[in-house]
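What the coordinates show
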Amino acid sequence: RRLNVRVNIELLSISNPVHKKDLAVRLTDDTDPFFLYNLVISEEDFQSLKSQQGLLVDFSAFPQKFIDLLQQCIQEQNKDIPRFLLQLVSSASVLDHTPVSLNVVETNPFKHLTHLSLKFLPGNDAEIKKFLASCLKCLKEDKMMLEEKLRKTEEDLTRQLSYTQQSLSEKSRELDKLKNEWTSYTTALTNKHTQELTNEKERALQAQAQYQQQHEQQKKELENLHQKSIQQLQNRLSELEVINKDLTERRYKGDSTVRELKAKLSGIEDECQRAKQEVLSLRRENTTLDAECHEKEKLINQLQTRVAVLEQEIKDKDQLVIRTKEVLDATQEQKAILEESTEKKQSHIEKLETTIKSLSAELLKANEIIKKLQGDLKTLMSKLKLKNTVTIQQEKLLAEKEERLQKEQRELQETGQSLRMKEQEVCKLQEQLETTIQKLEESKQLLKTNENVITWLNKQLNEIQMAKKLETSASTHGGGRTAVSPHGMPDRPSFPSSGINHPISPLYAFQNFLEPAHNKNVNSQCPIPFNTQLSKMNRCSDVQTVTATSHPANKENGDNLGLESKYFKKKDDSIPLRGLSQNALNSEYLKPYLPTKAQPSPKAAVMPASAYFPG
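The rules we used
- Residues numbered from 1 in each chain as written.
- Predicted model: local features only at pLDDT ≥ 70, side-chain atom pairs only at ≥ 80, totals over all residues.
- Heavy atoms only, no water.
- UniProt positions renumbered as here; feature names shortened; annotations may be inferred.
- Helix = DSSP H or I, 4+ residues; strand = E, 2+ residues; numbered from the N terminus.
- Buried < 20%, exposed > 50% of the residue type's maximum accessible area, 1.4 Å probe, protein only.
- Contact = heavy atoms within 4.5 Å.
- Areas by Shrake-Rupley, 256 points an atom, 1.4 Å probe, with all protein chains shown as cover.
- 1 Å grid on protein atoms, 1.4 Å probe; cavity = no way out; pocket = protein on both sides within 12 Å on 5 of 7 lines; lining within 4 Å.
- Points joined across faces, edges and corners; volume = space filled by probe spheres on them.
- Nonpolar A, V, L, I, M, F, W, Y, C, P; charged D, E, K, R; others polar.
- Patch = residues over 30% accessible without salt bridge, like charges linked within 9 Å, V, L, I, M, F, W, Y side chains within 5 Å.
- Salt bridge = Lys/Arg side-chain N within 4 Å of Asp/Glu carboxyl O.
- Lys, Arg positive; Asp, Glu negative; His and termini not counted.
- Charge placed at Lys NZ, Arg CZ, Asp CG, Glu CD.
- Core = buried A, V, L, I, M, F, W, Y, C linked by side-chain atoms within 4.5 Å.
- Pairing = 2+ DSSP bridges.
- Axes fitted to C-alpha atoms, helices over the stretch in contact; angles between N-to-C directions.
- pLDDT = per-residue confidence, 0-100.
- Polar contact = N/O pair within 3.5 Å; in protein donor to acceptor, adjacent residues only side chain to side chain.
- Phe/Tyr/Trp six-rings, centres within 6.5 Å; stacked < 30°, edge-to-face > 60°.

Per an unreviewed UniProt entry, the protein chain is named Spindle assembly abnormal protein 6 homolog, and its organism is Eudyptula minor novaehollandiae. The UniProt entry for the protein chain carries this comment under Subcellular location (unreviewed entry): "Cytoplasm, Cytoskeleton, Microtubule organizing center, Centrosome".

Spelled out as structure tokens, the structure:
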């Protein structure tokens, strides 16, 4: 019979009374708990086993080699004809408790080789009980471990369930929001695309109508040329027929001259062969020219695809510029100019494409004419063989046709030159497109720098306001003494006539004394408390730009500290600055309190915009 057996190998070290090492091997069956065989091999027993079976391994390396043999048996167990087998052989029945031999056998096509044979003793009742007790203990430990794992997994699963339910609810809400946003976005996109499609369809229809008109005109011109050529050929045929008749009459007279002309005919035939060779070389040149034309057409198609890609990129960039129109209205004019230039260049490119197509058609016509000329040459050669008397006239015709071939070659060269010129024009147009794209990027960078300057000015205004508030608070705590601002501001004046004993900020002075300088008599019966001063400072209107005027004493210099004057110009699309009112800052009453060259402040030092904005 065939069984699956479990083999346990253990090294037992015994130190009492003598240090020894024993190898314990145990055979068990998971399905049959009473199946138990034991083997204990000491070093002395191993020496006898080594001499009996001719082993080449020491006692220390024997367990590993035995395990390797068992692994080979495990690898071969599923095959139909396994190479390595484990044979458990018993001389009597199992119930007799006789020793059993375990053999590791290798099957060859010639014989069965036993690598190792070990004798096992069946287990006693006590050994079987110990084995069963150890099995029970292991099973109980496994059961406890599994129960703990089950509890932990149940707790983890409940936690994960609660967490997943919460995340599901949140993500379902997010899904609903995203669906609503997506529907609105898709509707807007469909509307935009429908409008763009209608515009492009109208443009395509107009272009198609123009192309049809041009094609009809070219067709009419070609038909007229074809009719003219047919008429010329018919006239030539009539002339040739008349000449034929004259030649037949002269034939009888020219029989005497035929003998003399035979020598000339041999030379003429050589010249004809040379002409044939030249015609073949011309054909080869025509084929090479056709291949070059095809390659150039492929290059033109590639350039067209590149132009289309660039147009799509320009459209994407236009959409980005449209999105930022609210902040960047100043760049709309430049963008419109660029779009007009791109449209003009597209129209110019389309015109170039039409010219290239017309040139290719002309090349095809030239090839057809060459083929027709070759057919005419063949007919003339046949007439030469039939009519030897017409050699002189045929030489004249050959000379004319050679001249025509030279003319056609010249025309081909001219067309090649025109194609090269148009390729250069296409390259120039591409360079112009790249320059326009670079200009767009530069304008965007300028807009970014302008935004950075505006943010810097906001920070400066906020710092000035905070410094003024700190000065007002310091003046209230310091009694009637005046303080100097950190930005080089003069001491704040006090107004005893108005009933205010504490120092007043320049803004408060400007808001309460807007009269001219000569009218200094203020009504002393309506004193204003300090709280109203703060409320009025908080009610200041939004300031869009700040114009810093110099001190009257330093008007000779005429220079403003800080940034250049272009950053202080008023713009309609500028971002409002929270703080002082524009009238208050532009007033002449605040000129003494603003920093000038004579009164330098640490925060108003001259430095470039890149120092404030390193990005």
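Before going further, it helps to spend a moment on the overall build of the protein chain. Of the regular secondary structure elements, the protein chain holds nine helices and six strands. Here the protein chain holds 615 residues, and the buried ones make up 25% of them. Sequence separation of at least 24 residues holds for 63% of the intrachain contacts in the protein chain that already meet a minimum separation of 6. Surface summary for the protein chain: the accessible area is close to 45200 Å², and the carbon and sulfur share equals 54%.

So, on to the layout of surface pockets. Approximately 1800 Å³ is the volume found for the second largest pocket. In terms of lining, the second largest pocket is formed by 38 residues, of which the most central are Glu200, Arg203, Lys315, Glu343 and Gln346. Looking at the lining of the second largest pocket, the elements with two or more residues in it are helix H3 (125-323) and helix H4 (332-386). Counting residues per element, the lining of the second largest pocket draws most heavily on H3, which supplies 28 residues. Partitioning the lining of the second largest pocket into residue classes produces 11 nonpolar, 13 polar and 14 charged.

What follows is about a negative patch on the surface. Taken together, the side chains of Glu269, Asp270, Glu271 and Glu395 define an acidic patch exposed on the protein surface. Among the elements that line the negative patch, the one with the most residues is H3, at three residues. Counting through the fold element by element, glutamate 269 comes out in helix H3.

Moving on: the pattern of salt bridges. Scanning the model with the defined rule gives five salt bridges in all. Across the pair glutamate 76 and lysine 79 runs a salt bridge, and its minimum N-O distance is 3.3 Å. When its relative accessible area of 14% is taken as the criterion, glutamate 76 is described as buried. Notably, a salt bridge pairs arginine 83 with glutamate 106, separated by 3.0 Å at the nearest N-O pair. Of this pair, arginine 83 sits in the loop between helix H2 (62-75) and strand E4 (84-90) while glutamate 106 sits in strand E5 (residues 100-107), and the two are 23 residues apart along the sequence. Judged by its relative accessible area of 8%, glutamate 106 falls in the buried class.

A few words now on the nonpolar core. It is characteristic of soluble globular proteins that their nonpolar side chains tend to be buried jointly. Within the largest apolar cluster, 23 residues are counted, with the highest numbers of intra-cluster contacts made by Ile41, Phe62, Phe66, Leu116, Leu118 and Phe120. Those elements that provide at least two residues to this core are strand E2 (20-28), strand E3 (36-41), helix H1 (43-53), H2, E5 and strand E6 (112-122). The leading source of residues in this core is H2, at five residues. Excluding residues within four positions of it along the chain, isoleucine 41 makes contact with Lys21, Asp22, Leu23, Phe46, Phe59, Phe62 and Leu118. Counting six residues, the second-largest nonpolar core is a separate cluster that includes Leu303, Ile349, Leu352 and Val426.

A few words now on the sheet that holds E6. The six strands lie next to each other as E1-E2-E3-E6-E5-E4, forming an open sheet whose pairing is antiparallel. Both edges of this open sheet fall to strand E1 (6-14) and E4, since each of them pairs with a single strand only. Between one strand axis and the next, the sheet turns through 30 degrees on average, direction left out of account. Two elements, E5 and E6, share eight bridges in a ladder whose sense is antiparallel.

Attention now goes to the confidence of the model for the protein chain. Averaged over all residues, the pLDDT of the protein chain is 76; the fraction at 70 or higher stands at 75%. Confidence drops under pLDDT 50 across residues 479-564; counting only partners more than four residues distant or on other chains, this segment forms 150 contacts. Note that residues 566-615 has pLDDT below 50 and, in this model, 123 contacts with residues that lie over four places away or in other chains.

Examined against the element boundaries, lysine 296 turns out to sit in helix H3. For the buried lysine 296, which has no salt bridge, the nearest side chain bearing the opposite charge is glutamate 423, at an N-O separation of 5.0 Å. Those residues within four positions of lysine 296 in sequence are excluded, and the remaining contacts are Gly416, Leu419, Arg420 and Glu423.

As a further point, take the pairing of E2. As paired strands, E1 and E2 are joined by nine bridges and run antiparallel to one another. Each residue of the ladder has a partner; that of serine 13, found in E2, is lysine 21. Counting the residues in the hairpin turn of E1 and E2 gives five residues. Sheet analysis places E2 next to E3, joined by six bridges and oriented antiparallel. For arginine 26, the partnering residue across the bridge sits in E3 and is asparagine 38.

A few words on the pairing of E6. Looking at chain direction, E3 and E6 are connected through two bridges and run antiparallel. Each residue of the ladder has a partner; that of tyrosine 37, found in E6, is proline 122. Counting the residues between successive antiparallel strands, the hairpin from E5 to E6 contains four residues.

This part is about the environment of serine 358. Structurally, serine 358 can be placed in helix H4. By relative accessible area, serine 358 is classed as partly exposed at 24%. Sequence separation between serine 358 and glutamine 218 is 140 residues; the distance between their C-alpha atoms is 9.2 Å. There is a polar contact of 2.5 Å between the side chain of serine 358 and the backbone oxygen of threonine 355.

Right, let's get into the packing of aromatic side chains. We describe a pair of aromatic rings using the distance from one ring centre to the other and the angle between the two ring planes. Tallied over the entire structure, the rule returns five aromatic pairs. Ring centres of phenylalanine 46 and phenylalanine 62 lie 5.0 Å apart, and the angle between their planes is 50 degrees; this geometry places the pair in the tilted category. Of the two residues, phenylalanine 46 is situated in helix H1 and phenylalanine 62 in helix H2; the sequence distance between them amounts to 16 residues. Here phenylalanine 62 falls in the buried class, since its relative accessible area comes to 6%. Residues phenylalanine 62 and phenylalanine 66 carry aromatic rings whose centres are separated by 6.1 Å and whose planes lie at 5 degrees to one another, so their mutual orientation is stacked. Separated by four residues within a single helix, phenylalanine 62 and phenylalanine 66 lie in helix H2, roughly one turn from each other. Grouped by ring-pair contacts, the aromatic residues Phe46, Phe59, Phe62 and Phe66 constitute a single cluster.

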